[in-house]
Structures are given as structure tokens and as C-alpha cells.
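Okay, here's what each chain looks like letter by letter:
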Amino acid sequence: KEMTPPQRILFPPEKIYMDWQQIWRPGAGLYNLGSTCYINVILQCLTYTPPLANYLLSSHHSQFCHQQGFCMMCIMEEHVRKVLYSSVSAIRPRAVIKNLKFIGEFKPDRPGDAYEFLCCTLSAMQRACLSGSIDLDISSHTTTIIHQIFGGFLRFRVTCLSCQAVSDSYKTFLDVLLKIKAASSLTAALENFVTPKQLDGKKCLKCSKCKKKVAASKRITIHHTPRVFTVCLGRADVRSSRKISQVVEYPEYLDLQPYVSDTAGELLLYSLYAIVVHSGHTCLGGHFFCYTKAKKTLQFLSRHGCLPFQASNGLWYKMDDETVDGCDIHTVLGQQAYLLFYIR
């Protein structure tokens, strides 16, 4: 159903600007208001997502919002504006903390998971974009600003091993969760993600052509790539609840072409712009911090030594609650990453 053309476009894609519309220095840090580091890192990564920040800074949503009470998009508009326009070194994200119960099952005095908070935040923003839109078909849901930035489609192809009949189904996604136990790199984890898996025994499926349960293979591929590709490296061991602390290498530039349904196309190059890191021995405790890439204004004198002109450069910053420090790409690529944010 999701692959049928939408009856209505909720936000025009030509108005999504992938690069910064303005040049920003790194904004304010965020105070930890209890056990809220898992919230802070997601807020910072979203703040430094250029197409989302451009949209939020335009105040487009709040100008037309008629939602009563809680609205995640309005809260994010106010938050991003405060962070990037602030003249202080750190601010308190009180509006987000105050409305935690509307975002998900979170409490400010209890530790939480950054990935879970990201999923719940994007869902809350998506609901805000759909507020007031009634009788929408499912495909139109994927035309919000949130889905057009973070959203893509996965294709699930099941092939009968008896008659070779093929059945395809599709599912939308805002992020991809990867298993890392047998992977030493992001590309290895992605390769495992798209490798066909055999369905037999209790997992046998009924073939519509054979009219009986048969062994089959199932392959997942990225059918429609997102503008922003968000990856969670699954560090929680489901069986033991322990953290998987192995090193998983990830590149500054990622080509998604080998993992899409049609691999005959050109390069699909993405650039790393934010990561979230978890420090600690278990997933239930520890601390979260992040690294984000910001545009910083550099001033130079003209050739005549008088009027200054500006140039921009993408510089990396470590954001650990209220502390914001510059760093280099080698530091960023040497972390035990938990979440990775890539932009096309």
C-alpha cells in the first residue's frame, strides 16, 4: 500500500534545502537536568541536521499550526532557534523535559536510551505534521517534512526455492537497526543486512503458486533511499542485556548503492555529520555524548586588506551536555559509535 502514489503532497520536496541556508557557529550546549544526557544528544543531532534545521528556523510549521496543547514540531522550532541564536554557553531544554510523557515513556530522573528517544521524537514530530489532516491515504503520510528527510522504503523479496516465484512487499523506515555481533565495520553490517536469509522448517512460508508451505529465501534491500540515513548499531545483547562493546569501523563517506534494490545505478554518496556515543559497561546505565558537524564562519581580509569576506567550513564539535569543544575528524571516526547520521 505504501508504494501507491500519494493523493496529497503535504510538503513540497523542492522546498527542502539540504545545505545550511545560513552559516552557524556551534550553538549552545545543553544542561543535564537529571539523567537527561540521552535526550541532549538527540536534540543536538537533530539541531545540526541541515534540512530539518532550515525548515524549523523558517517557522513554517508554527505559522500554520492549529494544534491545541503539545506539539513536538513547535517545541523543536523553539529549541533549535534557542540553541543556534543563543549568546550563552548552555541552555536548559525545559520544554522538551516538561513534555516527556507526550513523547514516550520517559522520566527526567531516570536513565533512558538515546535510540528509543530518537524513534519517539521523530514519531511525535510526524504526528504533529499530520495533525489536522483527515482521511489521508497511507502514501500521503510519507510526504511530511519528517518522512521526506529521514524516511525511505525497504523492499522484502521472498523467493520460493521450489518454483522460483517472487513476492515483494514494502515498508517505510526512518532509521535502520543493524546487528553488529559478526561485523567489524558498518559496511560489513550493511552487507549482512541485505544478504538473503533462508526460510525453512518452522519458518516455511506458503507459496501462492505451489499452494503449499515451501522453503524460501528472503532478502531485504533499501528500495528508496532517504535524504538523511540514520543507523543504529545494535549494541544491546538481547539474550544477556549486556552491551556489545566491539569496535565497528564507519567511514566519513558512505556509498549506499551496494545495498539498494537496483544496484546498477550510480554512486549514492552520503557524508557523516553526527554520531552518538555511549560510554559504560551496560546499556541500562552509563553516559551519552555526541559529535556534530557545524558550519563555522571564518573571516578573511580581501586582497586589498580592507573589507572582510566570509568563508564556511564544516567543523566537528564534541557535545557533552553543557560542554562544546572543537575536534577533528580522526577523533570522530575513532569512537565506539551507537548512532550514525549520514546526509546525502
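A few points on the structure. Remember, predicted model here, so these are calculated numbers, not experimental data.

Cut-offs and rules
Residues numbered from 1 in each chain as written. Predicted model: local features only at pLDDT ≥ 70, side-chain atom pairs only at ≥ 80, totals over all residues. Heavy atoms only, no water. Patch = residues over 30% accessible without salt bridge, like charges linked within 9 Å, V, L, I, M, F, W, Y side chains within 5 Å. Areas by Shrake-Rupley, 256 points an atom, 1.4 Å probe, with all protein chains shown as cover. Salt bridge = Lys/Arg side-chain N within 4 Å of Asp/Glu carboxyl O. Helix = DSSP H or I, 4+ residues; strand = E, 2+ residues; numbered from the N terminus. Buried < 20%, exposed > 50% of the residue type's maximum accessible area, 1.4 Å probe, protein only. Disulfide = S-S within 2.5 Å. Pairing = 2+ DSSP bridges. Polar contact = N/O pair within 3.5 Å; in protein donor to acceptor, adjacent residues only side chain to side chain. Contact = heavy atoms within 4.5 Å. Expected span 1.5 Å × (residues − 1). Axes fitted to C-alpha atoms, helices over the stretch in contact; angles between N-to-C directions. Parallel < 35°, antiparallel > 145°, perpendicular 65-115°, else oblique.

Section: a nonpolar patch on the surface
Here's step 1: A cluster of nonpolar side chains, namely Y253, L267 and L269, defines an oily patch on the protein surface of about 350 Å² accessible area.
Here's step 2: For Y253, the location among the structural elements is in strand β11 (residues 253-255).
Here's step 3: What makes Y253 partly exposed here is its relative accessible area of 47%.

Details of the state of the cysteines
Here's step 1: Counted under the stated rule, the structure contains zero disulfides.
Here's step 2: In this structure C119 is a free cysteine whose sulfur lies 6.8 Å from that of C120, the closest cysteine sulfur available.
Here's step 3: With a relative accessible area of 24%, C119 lands in the partly exposed category.
Here's step 4: Among the cysteines around C160, which has no disulfide bond, C163 carries the closest sulfur, lying 3.7 Å off.
Here's step 5: Taking the relative accessible area as the measure of exposure, C160 reaches 4% and is therefore buried.

Some points on the pairing of strand β12 (residues 269-279)
Here's step 1: In terms of burial, β12 is largely enclosed, as nine of its 11 residues are buried.
Here's step 2: Where β11 and β12 come together, three bridges link them in antiparallel fashion. Note that in β12 the partner of Y253 across the bridge is S271.
Here's step 3: Across six bridges, β12 lies against strand β16 (residues 337-343) in antiparallel orientation. Considered in β16, the bridge of A274 is made with F341.

Here we look at the side chain of H278
Here's step 1: Mapped onto the elements of the fold, H278 is located in strand β12.
Here's step 2: Owing to a relative accessible area of 6%, H278 belongs among the buried residues under this scheme.
Here's step 3: Within the structure, the side chain of H278 is placed 2.6 Å from the backbone oxygen of G285, a separation counted as a polar contact.
Here's step 4: Those residues in contact with H278 that lie beyond four places of it in its chain are K243, C283, G285, G286, H287, F288, Q336 and Y338.

Re helix α4 (residues 72-85)
Here's step 1: Between its terminal C-alpha atoms α4 stretches 20 Å, which fits the 20 Å expected from 14 residues at 1.5 Å a residue.
Here's step 2: If you check which residues of α4 are buried, you get M72, M73, I75, M76, E77, H79, V80, V83 and L84.

Things to note about the pattern of salt bridges
Here's step 1: This model, assessed by the stated rule, comprises three salt bridges.
Here's step 2: As a salt-bridge pair, E78 and K82 come within 3.5 Å of each other at their nearest N and O atoms. With a gap of four residues between them, E78 and K82 both fall in helix α4, about one helical turn apart.
Here's step 3: One salt bridge in this structure joins K181 and D237, with 3.1 Å as the shortest N-O distance.

Quick notes on the packing of helix α2 (residues 50-57) against α4
Here's step 1: At their nearest, the axes of α2 and α4 sit 9 Å apart, and the two run at 100° to each other. Considering the angle they form, α2 stands roughly perpendicular to α4. The segment α2 lies against α4, with A53, Y55, L56 and L57 engaging M73, M76, E77, V80, R81, L84 and Y85.

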